[in-house]
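Read off the chains here:
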Amino acid sequence: MAGDAIDVAVIGAGPAGLAAALGARQSGAKRVVLIDREEEPGGILKQCIHNGFGLQYFGRDLTGPEYAMHFWQQIGQTDIEYWPQSMVTALSPAGGLTLFHPRQGRRELTPRALVLTTGCRERTRGNLAIPGTRPAGILTAGTAQRLVNINGYLPGRRVLVLGSGDIGLIMARRLTLEGATVLRVVEILPYAAGLSRNVVQCLHDFDIPLQLRSTATQLIGSPRLEAVVITELDTGRSETIACDLLLLAVGLIPENELARAAGTAIDPLTGGPVVDDRFATSVPGLFAGGNSLHVSDLADWVSLEGFAAGQQAARYAVGESPAPPTVAVRPGDGVRYVVPQHVRTSGESERLTLSFRVQQPIKNVTVQLWDGDRALASARHRVCVPGEMVKWEVERRLFAGREQVRVTATGEPFC
Ligand SMILES: Cc1cc2nc3c(=O)[nH]c(=O)nc-3n(C[C@H](O)[C@H](O)[C@H](O)COP(=O)(O)OP(=O)(O)OC[C@H]3O[C@@H](n4cnc5c(N)ncnc54)[C@H](O)[C@@H]3O)c2cc1C
């Protein structure tokens, strides 16, 4: 088997890649290889020891490691090969990949199809450019999560969280449970960026204040952080808060270096590759899923998309997936982005799912699909917020004979 040609190689063994490998194997790919730079599979889930995973995919409330284990057990019942400690460093437009292993060295492969499930990375202090000294004690929330949950370190005792993304909210609770004092979470927007359930379960339940329309304007301390100046946007009023740890939860960026190297078109709105509803990128044979495609709020969505990307990669590998004509799908009023960006007018299923995020919190929402000024479909939602992905199943036949459609979401703004 080891010498046989690889039908599908999946790069990244997080919840998207684990599902993609299963999807590929179950859809006719004979040799499937799952590659990860780390020793253990599971991706970011390995450090997410809280619950809240799996409600959509498995109908069960699981911790991150339990969620990953469910997939890993399924993979164990197949002949999917797992290649750990293998860092993919290059992808060519022709589909060749280069990887490095600490003992086996450099290796070149040309699988019939590839799925990119490399996840995302956190925005750092360098992305924010906060004025002040360059002290120790400033970490991204995900780095702090790894230090606490995997390495067993407590990186600070008086903590300020900048940004109300989900990881920051979860870490505010986690550090509180570990005995640190989380002074407040500071958010520049007029609303929390993370899931509503995380605001309730991580902040309200632990009496951690959320300060909106405010940001960090000065870092004080050397060599260790001693204080952060927080300024209110509306009044300009500043306050100096003594702390020894600043956690940054200010957004996630898809890991798209390999996709770029392969020459795929990148959507500036998502930061990930442009795909059609097969999760096929603009490079033939290269598919993408999970947070490297667009940053999801739930691991379950990531796995559903990863599974579908793996299925389509298998169809491509065995020659069952010719490039079809597609219709462009664009974000319209009230919508920040839509994935997929192209939709086939014919396909395996009669319905397909559009995933999108709204631009601001709105209630009594009407979601609509338009061709010019003609509404093709509509749906109602009580509330939509930017932190929560909207999933909308629409009929494929609606796209037939059209060049471009757009998705809008209108309602009453609220904060
Ligand atoms: C702190 C935190 C808390 C979260 N909490 C929740 C929650 O409560 N509930 C929920 O549903 N979701 C939660 N999520 C979201 C969920 O974890 C993510 O949506 C999900 O892990 C993304 O899956 P992924 O497979 O796309 O990426 P990842 O899990 O990031 O996996 C990517 C994998 O690719 C590998 N990789 C990357 N580049 C290369 C390369 N060049 N070569 C080889 N391997 C590579 C990495 O090592 C990694 O294993 C949380 C996320 C974070 C960060």
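The rules behind these values
- Residues numbered from 1 in each chain as written.
- Predicted model: local features only at pLDDT ≥ 70, side-chain atom pairs only at ≥ 80, totals over all residues.
- Heavy atoms only, no water.
- Pairing = 2+ DSSP bridges.
- Helix = DSSP H or I, 4+ residues; strand = E, 2+ residues; numbered from the N terminus.
- Axes fitted to C-alpha atoms, helices over the stretch in contact; angles between N-to-C directions.
- Buried < 20%, exposed > 50% of the residue type's maximum accessible area, 1.4 Å probe, protein only.
- Core = buried A, V, L, I, M, F, W, Y, C linked by side-chain atoms within 4.5 Å.
- Domains from an automatic or database assignment.
- Contact = heavy atoms within 4.5 Å.
- Arc of directions from axis to C-beta.

A. Inspection of the sheet that holds strand 22 (residues 351-358) at higher detail. Pairing in this open sheet of 3 strands is antiparallel, and the strands run 20-22-25 from one edge to the other. Bordering the open sheet on either side are strand 20 (335-339) and strand 25 (390-395), each of which pairs with just one other strand. Strand-to-strand, the axes of this sheet are offset by a mean angle of 30°, without reference to chain direction. Sheet topology places strand 22 next to strand 25; 6 bridges connect them, and they run antiparallel. Paired with S355 across the strands is K391, a residue of strand 25.

B. Expanded view of the pairing of strand 14 (residues 227-232). In terms of burial, strand 14 is largely enclosed, as 5 of its 6 residues are buried. By the bridge criterion, 6 bridges tie strand 13 (residues 214-220) to strand 14 in an arrangement that is antiparallel. Paired with S214 across the two strands is E232, which belongs to strand 14. Connecting strand 13 to the antiparallel partner strand 14 that follows it, the hairpin turn spans 6 residues, and G221 within it adopts a positive phi of roughly 130°. Here 5 bridges tie strand 14 to strand 15 (residues 238-242), and the two strands are oriented antiparallel to one another. Paired with T231 across the strands is S238, a residue of strand 15. Linkage of strand 14 to strand 15, two consecutive antiparallel strands, is achieved through a turn of 5 residues, within which G236 is found at a positive phi near 80°.

C. Focus on the nonpolar core. In this structure, V8, L34, I35, L91 and L97 are the most contacted members of the largest nonpolar core, which totals 60 residues. The dominant element in this core, judged by the number of residues it contributes, is helix 8 (residues 299-317), at 7 residues. Both of domain 1 (1-122 + 252-323) and domain 3 (324-415) provide at least three residues apiece to this core. Leave out the neighbours within four places in its chain, and L97 touches A9, I11, I35, V88, A90, L91, R107, E108, L109, P111 and L114.

D. Layout of the sheet that holds strand 18 (residues 286-288). Read from one edge of the open sheet, 5 strands run 3-2-1-7-18, paired in parallel fashion. Where the open sheet ends on each side, the last strands, each with one partner, are strand 3 (81-83) and strand 18. Strand-to-strand twist of the sheet, defined as the mean angle between neighbouring strand axes without regard to direction, takes the value 20°. Sheet topology note: the strand 2 (residues 32-35)/strand 3 ladder contains 3 bridges and is parallel. What sits directly across from L34, in strand 3, is Y82. Across the sheet, helix 1 (residues 15-26) is in contact with strand 1 (8-11), strand 2 and strand 7 (113-116); its angle to strand 2 comes to roughly 175°.

E. Spatial organisation of helix 4 (residues 141-151). Listed as buried for helix 4 are A141, G142, A144, Q145, V148 and N149. Angular distribution of buried residues about the axis of helix 4 spans 155°; they occupy a single face of the element. Where helix 4 is buried, its residues contact strand 8 (120-122), strand 9 (138-140), helix 5 (166-177) and strand 16 (245-248). Looking one or two residues past helix 4, G152 carries a phi angle of roughly 75°, positive in sign.

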